[in-house]
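A look at the structure
As a plain string of letters, each chain reads:
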Amino acid sequence: MRRLIYSLLAVCMVLVAPHAAVAQDTRPRLVVNIVVGSLRANDLKRFSNGFGEGGFKRLMREGVNFTDAEYDYALTTTEAGLATLATGAQPSVHGVIGSGWWNHIDNSRQELVTDQKSQPVPFSTGSISCSAYRLHAPTLGDMVVEANDLSKQVTVAIDPASAIILNGKSGVPYWVESNKSYWTTSAAFAEKLPTWIDYYNTRETTSLQRARRWTPIGDIITYLNSEVAVVEGIKGKTTKLVSGIDLTLDDTAYGRMCYTPVGNTMLLRFAEQALLHEDLGSDANPDVLNICLDPSRYIATIFGTESIEYEDMLYRLDANLAEFLNALYEHVGNKRDVVVVLTSDHGTAPSYNPQGGEPRERFNTRQMEVIVNAFLGARYGSGNYITGFDNNAIYLNHELLNDKKLEIASIQEEVATFLLQMRGVSTALTSTELRSTSFAEGRQRLMQQSFFATRSGDVIVDFLPGWFVEDGSCRTSSHAGHRYDRSVPLIISGAGLAPRRVDRTVSMVEVAPTIAKILGVETPWASSARAMVELDK
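Residues numbered from 1 in each chain as written. Predicted model: local features only at pLDDT ≥ 70, side-chain atom pairs only at ≥ 80, totals over all residues. Heavy atoms only, no water.

**Remarks on the overall build of the protein chain**
Check the secondary structure of the protein chain and you find 19 helices and 20 strands. Here the C-alpha radius of gyration of the protein chain, 25 Å, is about what a compact globule of 537 residues would show, namely 24 Å. With respect to the principal axes defined by its C-alpha atoms, the protein chain has extents near 95 × 70 × 45 Å. For the protein chain, the residues scored as buried account for 58% of the 537 residues in total. Partitioning the intrachain contacts of the protein chain with sequence separation of at least 6 by distance along the chain shows that 70% fall at a separation of at least 24. Of the accessible surface of the protein chain, which amounts to about 22,700 Å², a share of 51% is contributed by carbon and sulfur atoms. Separation between the mean location of the 50 positive side-chain charges and that of the 61 negative ones in the protein chain comes to 4 Å. (Helix = DSSP H or I, 4+ residues; strand = E, 2+ residues; numbered from the N terminus. Rg over C-alpha atoms; globule rule 2.2 N^0.38 Å. Buried < 20%, exposed > 50% of the residue type's maximum accessible area, 1.4 Å probe, protein only. Contact = heavy atoms within 4.5 Å. Areas by Shrake-Rupley, 256 points an atom, 1.4 Å probe, with all protein chains shown as cover. Lys, Arg positive; Asp, Glu negative; His and termini not counted. Charge placed at Lys NZ, Arg CZ, Asp CG, Glu CD.)

The following block contains the structure:
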C-alpha cells in the first residue's frame, strides 16, 4: 500500500512540475515604460485621424485601454508624476514634490537630483552632477533588480531628473548633456559609458545638425489646430500666429532635441539601441526599459496644446513609436514576453493666451511675495519673512521667525487667511493643518496627498480652475492639479493580456504594483495600492 502511495506521488510530481515551469516561463521578460510628457487624456482620441496603424493605435488596439486614469493629488509636477508612476506611491509618501525646495532650518535651496559628489560620465560642463540619493522610495525597476542580480534596468530621457526619478537607484539612467547633445550618466550609476554609447554619440547625434526646418509631416488642411509659431511651409490653411515665443530655442543641437520633434526621434532611436546592445529581455531574468519623452512636454509648455507644433509633434511621435514597436517585438520575438506601458507624467492646462480669444487669468507669485512680506512687516517689524514660492507654496523664513520669537504655526495661519483675499486663490492650507488633520475628500485631500512635511512649504496655495502661475516663457503649465492636469491616458499591452477597455477611475499608484504582480516580483515598498483586478492573470 505504501509503495502504491509513493508511486502515485511520483507520478503527480512528474505531471505537476512541467506545468509549474511553464507558468514561470510565461511571465514577461521585459517591461517597457513609455512616458509621453504632458499628454492629455483625450489626445489619443482627438488626433487619432492623423495617426497610422502601427503606433498609438496599435497599442490601443492590442492592449488594455484605461479611459479614466488620473494622478490622485494636487501638485501635478513632472517630478511627482514620474515618481508616482515608478513607485506606486503618492507624493506624500515618496517625497518627490518638485525639482527642489527650501530647507526649513537654514533656508538653503535643495535640488532633488543635484549631487556634487557624483560627476558626469564622462565629465562634461553640459551636465549637472547628480544622483538618486534624495529619492526615498524604491521604484519598480529597483525591485526587479533587487530580486534578481542578472536583471537589468535602463532609463533614457533628455532631462537628468526625468531619467533618475523613473529609474531609481538600481540600473543606469542616461540623459543628454547640453554641449554636444551626447548621451551621458553620472558616477553614481556607472564608472564609464559602454563602448556602444561612445560610438553612438559620435555617429548619431550629427543627424541633429541636419534638422533645421520644421515643416508639417502630414496634410496641413487636415490638422485640427490652427495656432502656429515656428512650423514652416503652411499653405492653404487659415492660421493664427502665436506671439511671444522665443524663436531662438532651437538654435543649438540641444535646443532642437528639447523643442522640436527630433528629440523624440532621437530618444526612441537611442532606446532601440539600448534594447539591442544591452540585450534586454533576452532571457528569463526580467529587465526594465524606461523611456521618458521630455520633448513632448517642452513643446506643449512652450507652444501650447492648441498649436500646430504640438499636433505635428504627436503625428511624428506616432510614426517614431511605430518603428520602435516593430523593433521591440522583433527583438523579443513573442509579444507575451514583453509588457508595454504607455502613459504620461501629467496632463496640461489650456493655454493662457488663446489666439483670437480672451486671455485667461494669471497669478503673479512675485507680487504676492512682496505683498505678504509687507503684511508681516507691518505687524512684526521689517525683515525678509518670505524665503520663496515654489511647489505652489510659500516658504517662510524660519530663522527670522525664531529670532523674533514668533510662533511659526501662528504666522502660517495668518498668511493663509491673508492669501484668501487674493484673486485666483481657491484656498490655502498651512503645513501644520496638513500634518495634524486628515482630509477625506475634496481639494483638501488632493493637497494633502501632495504634502511631504520636510520638503513642502509652510502655506500651500490652491488656485481656482483656469488660473495660471505667471511665467513669461510658457503658454501653459500643469501644476494646479485640476482635472485637465491630473487626467492622463494609460494603456498596458502585451504579457498575454486580452485587449479591452476599462472605464472605471484608475489611480496611477496602481500601475507599479500591477506590473510587479505580472512580473512576479515584490510590490515597491512605498506603495499601498493593490494591483488592478482587470489585469489579474
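The discussion continues.
**Regarding the sheet that holds strand E15 (residues 393-396)**
Taken in spatial order, the 4 strands of this open sheet run E14-E15-E17-E16, and their pairing is antiparallel. In the strand order of this sheet, the two ends are held by strand E14 (386-390) and strand E16 (425-430), each with one partner. Strand-to-strand twist in this sheet, taken as the mean axis angle between neighbours without regard to direction, amounts to 20°. Relative to strand E17 (residues 459-463), E16 is paired through 5 bridges, and the arrangement is antiparallel. Looking at E17, one finds that valine 425 is bridged to phenylalanine 463. Along the sheet face, helix H13 (residues 365-380) touches E14 and E15 and points at about 150° away from the line of E14. In the packing of helix H17 (residues 442-449) onto the sheet, the strands contacted are E16 and E17, and the crossing angle to E17 comes to about 130°. (Pairing = 2+ DSSP bridges. Axes fitted to C-alpha atoms, helices over the stretch in contact; angles between N-to-C directions.)

**Digging into the layout of surface pockets**
Of the pockets and cavities examined, the largest pocket occupies roughly 970 Å³. In this structure, the largest pocket is lined by 42 residues; those nearest its centre are Glu79, Thr301, Asp471, Cys474 and His479. The dominant element in the lining of the largest pocket, judged by the number of residues it contributes, is helix H11 (residues 294-303), at 4 residues. In terms of residue class, the lining of the largest pocket is built from 15 nonpolar, 18 polar and 9 charged. (1 Å grid on protein atoms, 1.4 Å probe; cavity = no way out; pocket = protein on both sides within 12 Å on 5 of 7 lines; lining within 4 Å. Points joined across faces, edges and corners; volume = space filled by probe spheres on them. Nonpolar A, V, L, I, M, F, W, Y, C, P; charged D, E, K, R; others polar.)

**Looking at the side chain of arginine 256**
As for its placement among the helices and strands, arginine 256 is situated in helix H9 (residues 253-259). Summary of buried charges: arginine 256 has no salt-bridge partner, and the nearest side chain of opposite charge, aspartate 250, is 6.2 Å away. Within the structure, the side chain of arginine 256 is placed 3.1 Å from the backbone oxygen of aspartate 250, a separation counted as a polar contact. A polar contact of 3.4 Å, which involves the side chain of arginine 256, links it to the backbone oxygen of aspartate 251. (Salt bridge = Lys/Arg side-chain N within 4 Å of Asp/Glu carboxyl O. Polar contact = N/O pair within 3.5 Å; in protein donor to acceptor, adjacent residues only side chain to side chain.)

**Describing the side chain of asparagine 320**
Relative to the helices and strands, asparagine 320 resides in helix H12 (residues 308-332). Once residues within four sequence positions are removed from consideration, asparagine 320 is found in contact with Asn264, Thr265 and Leu268.

**A few points about the sheet that holds strand E6 (residues 153-156)**
Within the open sheet, the 10 strands sit side by side as E5-E8-E7-E6-E11-E1-E12-E19-E2-E20. Their pairing is mixed. In this open sheet, the two edge strands, each paired with only one partner strand, are strand E5 (120-121) and strand E20 (500-507). Here strand E2 (residues 63-70) pairs with strand E19 (residues 487-494) via 6 bridges, running antiparallel. Directly across from alanine 69, in E19, lies its bridge partner valine 488. Across the sheet, helix H10 (residues 262-277) touches strand E1 (30-36), E6, strand E7 (172-176), strand E8 (183-186) and strand E11 (287-293), and the angle it forms with E11 is around 170°. Of the strands in this sheet, E1 and E11 touch H11, which is tilted by about 20° from E11.

**Let's talk about helix H7 (residues 160-167)**
Along H7, 8 of the 8 residues are buried, which leaves the element largely enclosed by surrounding structure. Of the positions making up H7, those classed as buried are Pro160, Ala161, Ser162, Ala163, Ile164, Ile165, Leu166 and Asn167. The residue sitting at the N-terminus of H7 and contributing the capping side-chain oxygen is aspartate 159; that oxygen lies 2.8 Å from the backbone nitrogen of alanine 161. Taken from the residues just after H7, glycine 168 is the one with a positive phi, measuring 90°.

**Focus: the packing of aromatic side chains**
On inspection of all chains with the given rule, the structure shows 15 aromatic pairs. Centre to centre, the rings of phenylalanine 51 and phenylalanine 56 are 5.0 Å apart; their planes meet at 50°, and the pair counts as tilted. Of the two residues examined, phenylalanine 51 and phenylalanine 56, each falls in the buried class. Aromatic side chains tryptophan 214 and phenylalanine 303 sit 6.2 Å apart centroid to centroid with 85° between the ring planes, which places their arrangement in the edge-to-face category. Here the residue tryptophan 214 occupies a position in the loop between helix H8 (195-204) and strand E9 (227-228), and phenylalanine 303 occupies one in helix H11, the gap between them amounting to 89 residues. Taken as a pair, tryptophan 214 and phenylalanine 303 share a single burial class, namely buried. (Phe/Tyr/Trp six-rings, centres within 6.5 Å; stacked < 30°, edge-to-face > 60°.)

**Concerning the packing of H11 against H12**
Running from N to C, H11 and H12 cross one another at 165°; their axes reach a closest spacing of 9 Å. As summarised for this structure, H11 and H12 are arranged roughly antiparallel, according to the angle between their axes. In this structure, H11 meets H12 at a crossing whose hand is left-handed. For the pair formed by H11 and H12, the contact residues are Ser296, Ile299, Ala300 and Phe303 on the first element and Glu309, Tyr310 and Met313 on the second. (Parallel < 35°, antiparallel > 145°, perpendicular 65-115°, else oblique. Left-handed = near helix turned anticlockwise from the far one by under 90°.)

**Quick word on empty space enclosed by the protein**
What the rule picks out here adds up to 4 cavities of 30 Å³ or more. The volume enclosed by the largest cavity comes to roughly 130 Å³. Taken together, 16 residues make up the lining of the largest cavity; nearest its centre are Leu75, Asn391, Asn392, Ser450 and Ile460. Counting residues per element, the lining of the largest cavity draws most heavily on E17, at 3 residues. Here the residues of the lining of the largest cavity are counted per class, giving 9 nonpolar, 6 polar and 1 charged.

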